[in-house]
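Here is how the chains run, residue by residue.
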Amino acid sequence: MAFTIIRHNVLNDQAATQQTQVDGNSLEIGRGTGNGLVLEDLHIALRHAVIEYVDGRYVIKDLETTSGTYVGHRSVRIRPLAHGDVVHIGNYNLRIGLASREGPLTIDVTRQTGDEGADGRAAVSYLARYRLSESVWTKGRLTVWGLVLVLGVPVVLLLFGNISWGKKTWRATNLLAPGGVTQAHQFIGHDCASCHTETWKAPTTTSCTPCHPSPVHHANQVSSPDCVSCHREHRSDHKPLTKMGDHFCVSCHGDLQTDTGKPPQFAQHIRAFEDGHPEFSAALKGPHESKVTRVKLSDKAALHDPGAMKLNHELHLTPERMKKLGFKPLACANCHRADKQGAYMAPITYTEHCAQCHPLEFDERFPGQVVQHGKQPEGIQDFLKDNFTRRCLERSVEQTAPPQEGSDAGTERRRPGQALALPREPQVATAASVLQCRDEGVRDAQKRLYAGGKQSVCGLCHTLQDPVAGAQLPTVVPPTIPERWLPHGEFHHQVHMRAMKHRTADNQALCESCHRPDLGASKSTQTTDILLPGIASCQECHSASGGASLQCVTCHRYHDEGMKSIRKPMQAAR
Amino acid sequence: MHENFWAYRRYFWGKLTLVSTLVLVMVYIVSSQKTSPNGGTLVGLTYGILSFLAILLLMYYGKRKRSYTSKHWSLRAWLSFHVYIGIMTLILVPLHAGFKFGFDIHTLAYVLLAIVVISGILGGILYVLLPRRFNQFGEEVTYGNNSDEELRRIIRQMRALAADKSQAFADICQAEIDHGVPKHHVGWSLLWNQRATAATLASQIEEFEGYLARIPDAEQSTFQNLARLATQKRELENRITAQMRLQNLLEAWLYVHLPVSIIMLVVVIVHILVVFYYGYVVSN
């Protein structure tokens with residue numbers, strides 16, 4: 001009998017097979033060098049097991065070792081061997097080959113782990129177990145998994161959409177936006193495509209115009225920038241989109257070009273309020289003019305209000321003269337009051353501001369009765385006729401004293417507060433005399449209302465135009481009091497009044513500190529006087545030393561309505 | 001002392017970076033007086049382009065490091081440039097973004113950049129500080145497999161001693177072979193788990209004397225040899241552990257620095273793509 005042992009070695013990285021033959025009826029296996037099959041493993045006993053040929057077959061016997069002998073993973077004490085059995089001893093696997101039951105036994109020896117470099121196997125590196133480069137987490141794997149995590153999570157979140165908890169909602173599109181949108185645009189609700197209509201392109205003006213049909217800045221501007229070139233969303237600076245820096249304006253107005261190539265109307269180089277800003281220009285348009293003319297406030301020769309309204313500021317604001325006429329002294333604020341917003345002055349109306357002292361009385365015999373303000377002479381003729389017809393009928397029998405010779409009571413205008421002079425009473429008897437009486441009354445009343453220029457009731461404040469051909473009555477030129485004198489500059493009266501309160505407690509002086517400090521409203525006697533403060537007055541505070549804001553947007557709007565807001569005719573009926 | 005990359009050419013890159021950063025900060029402050037700073041302004045865009053170029057140059061260092069034949073600049077010059085420009089990006093990117101951050105991929109790119117730069121700074125500091133501590137291992141210690149070979153030799157010798165000896169001898173021998181040798185990878189745990197490297201020789205001798213009683217008389221003298229080898233092995237193990245711990249400390253930051261830098265570059269590209277996808281306009 002003989003046992004064939006085949007061992008697999010690795011020599012110089014080359015696999016090699018070593019075959020040995022052991023003669024005899026038994027093969028001893030163990031760590032000891034005296035064994036037929038030496039297995040170099042300290043876990044294996046010196047004499048571990050023995051394979052014997054007994055009764056015509058091969059049997060393996062474990063020699064009562066502590067680490068044991070296994071066949072097919074089962075611990076055995078004694079067991080017959082069959083072809084294909086695998087015996088495990090220590091770290092070794094012994095594959096049994098048997099051509100026949102009695103045939104020669106072949107043992108194929110392999111080692112499970114080449115731990116200690118036994119059998120000439122490639123030496124294991126102990127240091128490798130310490131080296132970071134030998135870890136499962138190599139730099140490559142960390143990179144790949146990191147990328148999967150860092151890109152995968154946002155992609156999953158974007159696919160998943162929004163996450164809500166309680167009343168709060170977190171929107172996945174936030175991951176892509178470089179900052180939130182401003183409060184005013186929150187309603188769009190992260191629907192990116194509502195503004196970003198085209199990819200790789202910024203939102204165009206058409207994205208904004210459905211909600212913001214803003215007028216163009218100026219008809220003559222060389223080019224109109226897209227909305228987004230000034231109004232930038234996703235900035236996370238929590239500033240409103242209308243908060244624009246001066247450089248936006250100066251980028252054009254620093255060297256202003258027009259599409260016609262002509263020099264600009266006011267100034268070519270405006271770099272700041274204190275650097276190149278021209279004097280303010282009032283927008284003037286008389287009642288018979290079709291075009292608005294802009295006249296600089298510094299151009300005293302051309303600066304006249306063509307508004308066809310007569311007003312002597314000095315008379316109204318001088319206490320002594322008012323007292324003489326029997327009136328209480330007036331101050332600016334009696335007529336000029338700020339509107340609801342406190343920004344601009346509310347319009348002056350006859351009913352509110354004039355009627356108390358200037359009643360439109362047409363005849364002393366009708367005390368307290370006045371003609372309607374705001375109607376042309378033609379329009380009040382019927383009113384007068386009615387009144388006088390009624391009166392003449394009532395007085396048809398009554399005879400009154402004849403009028404005094406040379407009296408011109410009909411033409412002399414009664415001053416407000418003056419006692420009514422006794423009028424002439426017409427003599428009435430027949431229908432014809434009633435009509436005559438009525439016509440005389442109407443004629444006298446019309447004379448009183450319109451004749452004599454400033455001496456007449458209407459002519460005191462209004463310009464009266466001579467009757468046109470075929471007509472008998474004059475026309476009152478409708479006055480044009482502008483709501484805004486400076487249509488492109490915004491102003492807030494209350495803010496300024498508050499800011500300047502510390503200068504004086506006297507409101508009158510406060511008004512006059514801006515409105516013509518060189519002249520003073522109380523010294524203006526001409527109706528054509530324009531009492532607006534010029535740029536120098538503003539620059540007292542709006543300057544580097546003054547401390548008030550110097551920004552363009554403090555007064556100007558890019559998308560302003562401009563001239564549309566000026567010269568709205570005053571509400572005449574009031 | 002040998003001039004390290006921080007001090008290369010008398011801190012040339014350090015000084016240049018400091019001056020450029022100051023200039024860029026000044027420009028930022030001046031321009032932010034006029035307009036709200038962000039990536040969409042001309043200044044913000046310029047900082048963005050500079051940051052991206054800086055990142056590309058920083059990433060190029062990884063390639064240059066492996067190109068041993070390159071003659072343009074020495075590797076030390078590149079490293080010095082890499083370190084200082086890397087630190088500069090930490091300031092340059094917020095200047096680009098106008099110091100506005102959010103929970104989005106744009107900020108993520110910066111967070112990743114910050115991780116890369118901070119890990120790099122840490123690595124740079126360790127490179128200066130740690131090598132001195134290697135001196136404790138003496139001249140003979142070199143990086144490489146010498147220790148490994150020595151350990152294998154000792155184990156081979158111990159195993160040879162036990163080959164024909166009793167089971168008690170073999171068991172003790174096997175226990176000593178197994179002692180201290182990690183069964184699996186311990187590289188990472190080594191960093192924060194300072195293993196008992198200071199087991200005293202005295203305690204080992206006591207341990208071995210305890211074993212003697214179990215060893216048959218005939219094997220006593222051989223056991224002395226085994227004990228000597230085992231002591232050598234333990235000393236070697238202690239040295240390997242301490243040495244590898246330092247070596248791993250020197251390398252660990254790279255396992256953050258390198259992968260995160262590549263992830264950061266990808267996220268930066270995503271950031272640029274997203275910004276342009278939704279339309280980019282330079283404003284005043």
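These numbers were taken from a predicted model, which means no experiment stands behind them.

What counts, and where the lines are drawn
- Residues numbered from 1 in each chain as written.
- Chains lettered and ligands numbered in written order.
- Predicted model: local features only at pLDDT ≥ 70, side-chain atom pairs only at ≥ 80, totals over all residues.
- Heavy atoms only, no water.
- Helix = DSSP H or I, 4+ residues; strand = E, 2+ residues; numbered from the N terminus.
- Buried < 20%, exposed > 50% of the residue type's maximum accessible area, 1.4 Å probe, protein only.
- Contact = heavy atoms within 4.5 Å.
- Areas by Shrake-Rupley, 256 points an atom, 1.4 Å probe, with all protein chains shown as cover.
- Domains from an automatic or database assignment.
- Disulfide = S-S within 2.5 Å.
- UniProt positions renumbered as here; feature names shortened; annotations may be inferred.
- Buried area = accessible area lost by both parts, 1.4 Å probe.
- Salt bridge = Lys/Arg side-chain N within 4 Å of Asp/Glu carboxyl O.
- Polar contact = N/O pair within 3.5 Å; in protein donor to acceptor, adjacent residues only side chain to side chain.
- Pairing = 2+ DSSP bridges.
- Phe/Tyr/Trp six-rings, centres within 6.5 Å; stacked < 30°, edge-to-face > 60°.
- Lys NZ or Arg CZ within 6 Å of the ring centre and 35° of its normal.
- pLDDT = per-residue confidence, 0-100.
- Patch = residues over 30% accessible without salt bridge, like charges linked within 9 Å, V, L, I, M, F, W, Y side chains within 5 Å.

A word on the overall build of chain A
In terms of regular secondary structure, chain A is built from 13 helices and 18 strands. Expressed as a percentage of the 574 residues in chain A, the buried residues total 34%. Once local pairs closer than 6 in sequence are excluded, the contacts in chain A between residues at least 24 apart make up 47%. Surface exposure of chain A reaches about 33600 Å², of which carbon and sulfur atoms provide 55%.

What about the overall build of chain B?
Summing up its helical and strand segments, chain B has ten helices and zero strands in all. Walking chain B from its N terminus toward its C terminus, one meets helices and strands in the order α-α-α-α-α-α-α-α-α-α. Every one of the 284 residues in chain B was classed for burial, and the buried ones make up 47%. Taking as baseline every contact in chain B between residues at least 6 positions apart, the subset at least 24 positions apart corresponds to 80%. As displayed, chain B offers around 14700 Å² of accessible surface, 65% of which is attributable to carbon and sulfur atoms.

Concerning the domain arrangement of chain B
Parsing chain B into structural domains produces domain 1 (5-132 + 254-283) and domain 2 (148-247). A separation of 50 Å is found between the C-alpha centroids of domain 1 of chain B and domain 2 of chain B.

Description of the state of the cysteines
All names here are of chain A. Scanning all chains against the criterion turns up one disulfide over all chains. In this model, C392 is linked to C437 through a disulfide, with the two sulfur atoms separated by 1.8 Å. Around the S-S axis, the bridge from C392 to C437 shows a dihedral of about -75° and counts as left-handed. Of this pair, C392 sits in helix α8 (residues 377-394) while C437 sits in helix α9 (residues 431-450), placing them 45 residues apart in sequence. Its relative accessible area of 2% is what places C437 among the buried residues.

Quick word on the environment of V282 of chain B
With respect to the secondary-structure elements, V282 of chain B resides in the segment after α10 (254-277). Residues V282 of chain B and R66 of chain B, 216 residues apart in the sequence, show an inter-C-alpha distance of 39 Å. Beyond its immediate stretch of four places on either side in the chain, V282 of chain B contacts R232 of chain A together with G40, T41, L42 and L45 of chain B.

Considerations on the UniProt feature "transmembrane region" (unreviewed entry) in chain A
Following the UniProt record, the feature "transmembrane region" (unreviewed entry) maps to residues 142-165 of chain A here. From the first C-alpha to the last, residues 142-165 of chain A spans 33 Å; its make-up is 79% helix and 12% strand.

Concerning the interface of chain A and chain B
Listed by partner, the interface residues are 58 residues for chain A and 67 residues for chain B. Summing both partners gives a buried area of about 5300 Å² for chain A against chain B, and 64% of it is carried by carbon and sulfur. Looking only at chain A, the three residues that lose the most surface to chain B are L42, Y130 and L132 of chain A, adding up to 17% of its buried area. Linking chain A with chain B are zero salt bridges, by the criterion used here. At the boundary of chain A with chain B, the tally comes to 22 residue pairs in polar contact (both at pLDDT 80 or more). Elements that contribute at least two residues to the side of chain A that touches chain B include exactly α1 (139-160) and α3 (246-253) of chain A.

So, the pairing of strand β3 (residues 26-30) of chain A
Residue and element names in this part refer to chain A. Pairing analysis gives four bridges linking β3 to strand β5 (residues 49-54), with the strands arranged antiparallel. Considered in β5, the bridge of L27 is made with I51. Here two bridges tie β3 to strand β4 (residues 37-38), and the two strands are oriented parallel to one another. By the bridge assignment, G30 is partnered in β4 with V38.

Observations regarding unusual backbone geometry
Trans is the prevailing form of peptide bonds, just as negative phi is the prevailing case for residues other than glycine. All names here are of chain A. Positive phi, normally seen in glycine, also occurs at E64, with a value near 50°. Mapped onto the secondary structure, E64 falls in the loop between β6 (57-62) and β7 (70-71). Even without a glycine there, the phi angle at W200 is positive, about 60°. Look at W200 and you get exposed, because its relative accessible area is 51%.

Remarks on the packing of aromatic side chains
Per the counting criterion, the structure on display carries 21 aromatic pairs over all chains. A ring pair is formed by W188 of chain B and Y255 of chain B, whose centres lie 5.2 Å apart and whose planes are at 90°; its orientation type is edge-to-face. Placement of W188 of chain B in the loop between α6 (167-178) and α7 (189-192) and of Y255 of chain B in helix α10 is noted, with a sequence separation of 67 residues between them. Judged by relative accessible area, which is 7%, Y255 of chain B ranks as buried. Taking the ring centre of Y255 of chain B as reference, the NZ or CZ of K139 of chain A above it sits at 4.8 Å. Just above the ring of F12 of chain B sits the side chain of R9 of chain B; from NZ or CZ to the centre is 4.8 Å.

Here's the deal with the environment of R7 of chain A
Residue and element names in this part refer to chain A. Structurally, the position occupied by R7 is in strand β1 (residues 2-11). Judged by its relative accessible area of 16%, R7 falls in the buried class. Spatially, the C-alpha atom of R7 lies 139 Å from that of F383, the residues being 376 residues apart in sequence. Of the polar contacts made by the side chain of R7, one reaches the backbone oxygen of V38; its length is 3.0 Å.

Describing the sheet that holds strand β9 (residues 78-80) of chain A
Reading across from one edge, β4-β3-β5-β6-β9 (chain A) is the order of the five strands in this open sheet, with mixed pairing throughout. In this open sheet, the two strands that pair with only one neighbour each are β4 and β9 of chain A.

Focus on the UniProt feature "transmembrane region" (unreviewed entry) in chain B
All names here are of chain B. UniProt's feature table lists "transmembrane region" (unreviewed entry) at residues 12-30, 42-61, 73-95, 107-130 and 252-280, given in the numbering used throughout. Split by type, residues 42-61 is 100% helix and 0% strand. Its first and last C-alpha atoms lie 29 Å apart. With 86% helix and 0% strand, the stretch residues 252-280 has end C-alpha atoms that lie 40 Å from each other.

Describing the confidence of the model for chain B
All names here are of chain B. In the predicted model, chain B carries a mean pLDDT of 85, and the fraction of residues at 70 or more is 89%. Mean pLDDT in chain B bottoms out at helix α8 (residues 201-212), which sits at 76, and peaks at α10, which reaches 96. Here the predicted complex scores 0.72 on pTM and 0.90 on ipTM.

Some details on a nonpolar patch on the surface
Residue and element names in this part refer to chain A. A contiguous nonpolar patch, built from V136, W137, V144, W145 and V148 and spanning about 540 Å² of accessible area, is present on the exposed surface. For V136, the position within the fold is in the loop between β12 (105-111) and α1. Among the residues examined, V136 registers a relative accessible area of 58% and is labelled exposed.

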